Amino acid sequence: GAVVSQHPSWVICKSGTSVKIECRSLDFQATTMFWYRQFPKQSLMLMATSNEGSKATYEQGVEKDKFLINHASLTLSTLTVTSAHPEDSSFYICSARMSAVGGYGYTFGSGTRLTVV
Amino acid sequence: AQKVTQAQTEISVVEKEDVTLDCVYETRDTTYYLFWYKQPPSGELVFLIRRNSFDEQNEISGRYSWNFQKSTSSFNFTITASQVVDSAVYFCALWLDSSYKLIFGSGTRLLVRP
């Protein structure tokens, strides 16, 4: 079945540094990838949608300059949290779609727990 | 407006009890997809089921069953004879082609006590 690999699974970084999270579709081409953020005991909130070769579409309230998304190939999307601060500590999870058909082929990565100290 | 409501924040049951998790959705689209995911403490999302808006047949998979009723815009999830391993947060989600987004409910935390 479709597998999405996300790493690192957890990362601790110092305030002010940048962190890159990778999301790879292992056995399929993902034309679209989605990035979610989940604060403790809360739901998943969509941050942005990225299509291969084009700029990401960010949800309202998500800072584009802080959360840089790159989707340079059909199998890789990256999220870079720039100048991270403690309030950016969260669980970040990506997902990839393998088909343009609605609702199908929607696979999640295992998530990255980011702690900024 | 598109929205998914999971009114039950937390449910606690004793092992072997049956438990139903409620999900109510809102959309004006005629074509949509509904999902249930399980999120154990490790954090990953485990896909449980996908149902499209044209298929109102209820589904049973082992101890899991789903009741989809368009008339009440509900897609409820029942676990029969619950087990401790069922303890997790369960999310209901709605996909719309019109918005190209998967919208999650707030989740229901299920605790199954031995």
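Residues numbered from 1 in each chain as written. Chains lettered and ligands numbered in written order. Predicted model: local features only at pLDDT ≥ 70, side-chain atom pairs only at ≥ 80, totals over all residues. Heavy atoms only, no water.

1. A few points about the overall build of chain A
Moving on, step 1. Looking only at helices and strands, chain A has zero helices and 11 strands in total.
Moving on, step 2. Each helix (α) and strand (β) of chain A, taken in turn from the N terminus, gives the series β-β-β-β-β-β-β-β-β-β-β.
Moving on, step 3. Taking 13 Å as the expected radius of gyration for a compact globule of 117 residues, we find that chain A reaches 13 Å, a close match to that expectation.
Moving on, step 4. Principal axes of the C-alpha set define a box for chain A whose edges measure 40 × 25 × 25 Å.
Moving on, step 5. Burial statistics for chain A: of 117 residues in total, 52% are counted as buried.
Moving on, step 6. Accessible surface for chain A amounts to roughly 5600 Å². Of this, 54% is attributable to carbon and sulfur atoms.
Moving on, step 7. Averaging the positions of the 10 positive and the 8 negative side-chain charges in chain A gives two centres separated by 4 Å. (Helix = DSSP H or I, 4+ residues; strand = E, 2+ residues; numbered from the N terminus. Rg over C-alpha atoms; globule rule 2.2 N^0.38 Å. Buried < 20%, exposed > 50% of the residue type's maximum accessible area, 1.4 Å probe, protein only. Areas by Shrake-Rupley, 256 points an atom, 1.4 Å probe, with all protein chains shown as cover. Lys, Arg positive; Asp, Glu negative; His and termini not counted. Charge placed at Lys NZ, Arg CZ, Asp CG, Glu CD.)

2. Concerning the state of the cysteines
Each disulfide consists of one covalent bond between the sulfur atoms belonging to two cysteines.
Residue and element names in this part refer to chain A.
Moving on, step 1. Scanning the model with the defined rule gives two disulfides over all chains in all.
Moving on, step 2. Two residues, Cys23 and Cys94, share a disulfide whose sulfurs are 2.0 Å apart. As the torsion about the S-S bond is roughly 80°, the Cys23-Cys94 disulfide counts as right-handed. Taken together, the residues Cys23 in strand 3 (residues 19-25) and Cys94 in strand 9 (residues 90-97) connect sequence positions 71 residues apart.
Moving on, step 3. Between Cys13, a free cysteine, and Cys94, which holds the nearest cysteine sulfur, the sulfur-to-sulfur gap is 18 Å.
Moving on, step 4. The class for Cys13 is buried, based on a relative accessible area of 9%. (Disulfide = S-S within 2.5 Å.)

3. Focus: the pattern of salt bridges
Moving on, step 1. This structure, assessed with the given rule, holds six salt bridges over all chains.
Moving on, step 2. Notably, a salt bridge pairs A:Lys66 with A:Asp88, separated by 2.9 Å at the nearest N-O pair. In this pair, A:Lys66 is assigned in the loop between strand 6 (57-58) and strand 7 (67-73) and A:Asp88 in the loop between strand 8 (76-81) and strand 9, connecting sequence segments 22 residues apart.
Moving on, step 3. In this structure, B:Arg63 engages B:Asp86 in a salt bridge whose closest nitrogen and oxygen atoms are separated by 2.8 Å. (Salt bridge = Lys/Arg side-chain N within 4 Å of Asp/Glu carboxyl O.)

4. Overview of the interface of chain A and chain B
How large an interface is tends to be reported as the accessible area lost when its parts come together.
Moving on, step 1. Of the residues lining the interface, 21 residues belong to chain A; the matching set on chain B comes to 21 residues.
Moving on, step 2. Where chain A abuts chain B, roughly 1700 Å² becomes buried across the two surfaces, and 56% of that area is made up of carbon and sulfur atoms.
Moving on, step 3. The closest approach of N and O atoms between A:Glu59 and B:Lys101, which form a salt bridge, is 2.8 Å.
Moving on, step 4. Taken together, the connections running from chain A to chain B amount to six residue pairs in polar contact (both at pLDDT 80 or more).
Moving on, step 5. Counting only elements with at least two residues in the side of chain A that touches chain B, the list comes to strand 4 (32-38), strand 9 and strand 10 (106-108) of chain A.
Moving on, step 6. Here the element with the most residues in the side of chain A that touches chain B is strand 4 of chain A; it accounts for four residues.
Moving on, step 7. Partitioning the side of chain A that touches chain B into residue classes produces nine nonpolar, eight polar and four charged. (Contact = heavy atoms within 4.5 Å. Buried area = accessible area lost by both parts, 1.4 Å probe. Polar contact = N/O pair within 3.5 Å; in protein donor to acceptor, adjacent residues only side chain to side chain. Nonpolar A, V, L, I, M, F, W, Y, C, P; charged D, E, K, R; others polar.)

5. Some points on the layout of surface pockets
Moving on, step 1. What the largest pocket holds in volume is close to 460 Å³.
Moving on, step 2. Around the largest pocket, the lining comprises 24 residues; the ones closest to its centre are A:Gln38, A:Lys41, B:Gln39, B:Val89 and B:Arg109.
Moving on, step 3. Listed by contribution, the elements that provide at least two residues to the lining of the largest pocket are strand 9 of chain A together with strand 10 (88-96) and strand 12 (108-113) of chain B.
Moving on, step 4. Here the lining of the largest pocket takes three residues from strand 10 of chain B, the largest share from any one element. (1 Å grid on protein atoms, 1.4 Å probe; cavity = no way out; pocket = protein on both sides within 12 Å on 5 of 7 lines; lining within 4 Å. Points joined across faces, edges and corners; volume = space filled by probe spheres on them.)

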